[in-house]
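Next come the chains, spelled out residue by residue.
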Amino acid sequence: MKKLLLTLLAAMCAAAGATGADRAPEIISVNTDRVSLILCVERDGRVHMRHFGGRIDDAAPLAAYSTHRRPDHGAGEEIYPAMGGRNFRLPALRATHADGDLNTELRYVSHETLPSADADVERTVVRLADPVRPLEVELLFTAYRRENVIATRSRITNRQQGPVTLHAFYSSALSLHGYGSYLLTQLRGGWADEAQIEHLPLGHGTHSISTRKLVKATHSENPAFMLSLDTDRFDEEHGEVIAGALAWSGNYRIDFSVDEYDVLTILAGANPDASEYVLDAGRTLTTPEMIYTFSDCGAGGASRNLHDWARRYGIRGGDRGHVPTLLNSWEGAYFDFDEATLRGMIDDAAAMGLEMFVLDDGWFGNKYPRNHDRAGLGDWEVNRAKLPGGIDRIASYAHRQGLKFGIWIEPEMVNPQSELAERHPEWVVRAEGREAPLIRHQWLLDLSNPEVQDFVFGVFDHTLALSKKIDYIKWDANRHAESVGSAYLPADRQSNFWVDYAEGLYRVMERIRAKYPDVLIQACSSGGGRVDYGALKYFDEVWTSDDTEALSRSRIQYGTSLFYPAAVMGAHVSASPNHQSGNVIPLKFRFDMASAGRLGMELQPRQMSDSERAFARRAIASYKEFRDLVEEGDLYRIGSPYDPSGTFGTLYVSKDKRRAVFLAYCIRYRGHTPVPQFRLRGLDDETRYTVRELNVDRPRCWFDGETLTGAYLRHEGINPPLQRLYDSAVYILEAE
Ligand code: DGJ
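Residues numbered from 1 in each chain as written. Predicted model: local features only at pLDDT ≥ 70, side-chain atom pairs only at ≥ 80, totals over all residues. Heavy atoms only, no water.

A.B. asks: Got a sec to walk through the nonpolar core? Specific residues and values, please.
C.D. replies: Grouped together as the largest cluster of nonpolar side chains are 200 residues, with contacts concentrated most on Phe52, Leu227, Trp363, Trp475 and Met601. Per-element accounting of this core gives the leading share, 10 residues, to helix α8 (residues 497–515). Core analysis: the next-biggest nonpolar cluster, separate from the first, contains 22 residues, Tyr636, Leu651, Cys701 and Leu708 among them. (Core = buried A, V, L, I, M, F, W, Y, C linked by side-chain atoms within 4.5 Å. Buried < 20%, exposed > 50% of the residue type's maximum accessible area, 1.4 Å probe, protein only. Helix = DSSP H or I, 4+ residues; strand = E, 2+ residues; numbered from the N terminus.)

Below you can see the structure in the form of structure tokens.
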């Protein structure tokens, strides 16, 4: 009660400011080593955003900053614009108060630096409140000093007597001014076509990156973007770039609005479309984190900041060390296997030097056996016909052959043809009285319901109990939400479903991680449908795409690398002709492409020739030699798969710049005339590097074995013999 009175008092004082009782403007700076976010508390208690970009040590002059605009022409760039008062911009917060009032005007209450256990992390909270209707907002800024990342989120608390309906509840608002142009880079695509790059100049008006699919939410768009400032060119190396990524595995929306003042406001958060959140009296809604970085050395710098941050803070297991190379059973066996098939695959995987075997879909269901995707989903007991010895026998076999063992689950879903659907029809997401549409013959379970959360946790828990030798779980999710309705949520809270589902998932993952901190978990959602930093807090890696074809992968992995480190990017060598595209690609190219991520194989090794297996053995051994660079090194994208040259490369450099691996590819035949020349940035000019080509029988280029300085490699570069379609090369560079 005392706290409530104090808050109200503070808000009233702030409101008094609005009516004339001046307070001196105050600057709030949130800094990393090279980036500043600067706010100003104005005389009237409004909190404006003044700067996001390169670090400013002395921001005091911004207290006197004036836009020279007429003060009665709309609001300034508020740090969390609400619907109400003079704000004409899209609101970060739009609420209907308990008494029906549609307006909210947020004023400063207080701010402070919160204690942090990590000296490299500084947390600042800015408290705002509506002076008239008790609604509070806390804005939380977490500055990651060394990685130059600032994460922002809001917490909205209803102190009214009744429920407040939130129609918009974004995580953050960022306003930029003073730039002549903005080039937006976003990811678009679809199933098996994820992370395609699109660049578009932002004009006046609003452009959005959004989804309302809830699950499989990152196929067609990804909640991440880059903004190249004052340029119409996407440049890896030069210029100022802001990158953002929302940590949320649900509906998202990022709005970019350029207004008549040429101010760009970026609103990012959970998608409020058809998703009003009814916030009961006394309750708080904590919005997802929006991760921002700024680079003054192009897109490459922005990616490296995000990768560093992700490995240290943003992803589960970022510091866990090497990831096992693996054989996954899916494209090699699909649903058609028995114990002998799996033992054969395990033997072959071990012989090729792989380190884990993952049993994919098809191992469960008895009344409705999972022999195809039309039945059995939800019935998580071992199929006795296929695996009479249970999971433990096959997992133990894998361990005896020196491999770890992983297994597939899809616990959020159910086939109508399953015992689970018979037992719990009320757990299915469906609108009362309407048909529940199927996708891949399955329905979504209602994770807003705590009973379903218990069930989903139980699926994980019971699966792990099938054998003590399970080291890895592939967690799949193969449909999105449609025709939504929850039998659990009350009629007047149905629109809370979207947020409550994602939070339900996180609640389950919290429990799983508390009990199983060391099990590796892959987030798969028909491939790359759950590639976001919300999921990556709990999952160790993502299945980047169901498209395993190495040519398509060149773009998919390139696009993903803009925001997510290679350390999370599952990349498998599969059969040729490829099962998705039908394309025929040499094994070396397939390996060299998959070796730029977390290397695995996904095929039936029995269908490989002896020489192919011998090559695989060698390429896997090579990968083990440089995988630390892929997992922990700095990424330099050398050209791009979109370049008309048809050649590009990927360079990973160790933090101490003593070692690097360069993977180069030809994806377009252009006759024998042009020879690609790759200038390698990111090395140390003074250091002499010995260049050694891997995965070839004999030296095939003049610089193989040569020692070249970093300066030479940067200014002159190397010219690998990539002239035919699907030529590829891998070079190790080691300091003398
Ligand atoms: C979709 C996944 O993306 C595939 O890798 C595979 O696990 C199938 N589901 C299994 O049903």
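A.B. asks: Go over the sheet that holds strand β2 (residues 35–41), please, and point to the residues and values.
C.D. replies: Across the sheet, which stays open at both edges, the 3 strands sit in the order β1-β2-β3 with antiparallel pairing between neighbours. A strand with exactly one partner marks an edge of an open sheet, and here the two such strands are β1 (26–31) and β3 (47–54). Taken pair by pair, the neighbouring strands of this sheet meet at an average axis angle of 20 degrees, ignoring direction. Bridge count for β2 against β3 is 7 bridges, and the pairing is antiparallel. Pairing of Leu37 across the sheet is with Phe52, part of β3. (Pairing = 2+ DSSP bridges. Axes fitted to C-alpha atoms, helices over the stretch in contact; angles between N-to-C directions.)

A.B. asks: Give a detailed account of the site of the ligand, specifying residues and quantitative values.
C.D. replies: With respect to spatial proximity, 13 residues lie near the ligand, and among them Asp360, Asp361, Lys474, Asp476 and Asp546 are the closest. For the ligand, an oxygen atom lies 2.8 Å from a polar atom in the side chain of Lys474. Here an oxygen atom of the ligand and a backbone polar atom of Gly527 are 3.0 Å apart. Calculation on the ligand without its partners gives an accessible area of 290 Å², and the protein chains cover 98% of this total. Here the shell around the ligand is built from residues that sort into 4 nonpolar, 3 polar and 6 charged. (Near = heavy atom within 4 Å. Polar contact = N/O pair within 3.5 Å; in protein donor to acceptor, adjacent residues only side chain to side chain. Areas by Shrake-Rupley, 256 points an atom, 1.4 Å probe, with all protein chains shown as cover. Nonpolar A, V, L, I, M, F, W, Y, C, P; charged D, E, K, R; others polar.)

A.B. asks: So, the packing of aromatic side chains: which residues are in play, and what are the values?
C.D. replies: Enumeration according to the criterion identifies 36 aromatic pairs in this entry. Consider the rings of Trp330 and Phe335, whose centres lie 5.2 Å apart with planes at 90 degrees: the pair is edge-to-face. When sorted by exposure, Trp330 lands in the same class as Phe335, which is buried. Plain terms: the ring middles of Phe497 and Trp498 are 5.7 Å apart, the flat faces sit at 75 degrees to each other, and that makes the pair edge-to-face. Relative accessible area serves as the criterion here: at 0%, Phe497 is assigned to the buried category. The exposure class assigned to Trp498 is buried, which follows from its relative accessible area of 15%. Taken together, Tyr144, Trp309, Tyr313, Tyr533, Phe563 and Tyr564 form an aromatic cluster joined through their ring pairs. Positioned above the aromatic ring of Trp443 is the side chain of Arg430, whose terminal nitrogen or guanidinium carbon lies 4.9 Å from the ring centre. Sitting over the face of the ring of Tyr558, Arg637 holds its NZ or CZ atom 5.9 Å from the ring centroid. (Phe/Tyr/Trp six-rings, centres within 6.5 Å; stacked < 30°, edge-to-face > 60°. Lys NZ or Arg CZ within 6 Å of the ring centre and 35° of its normal.)

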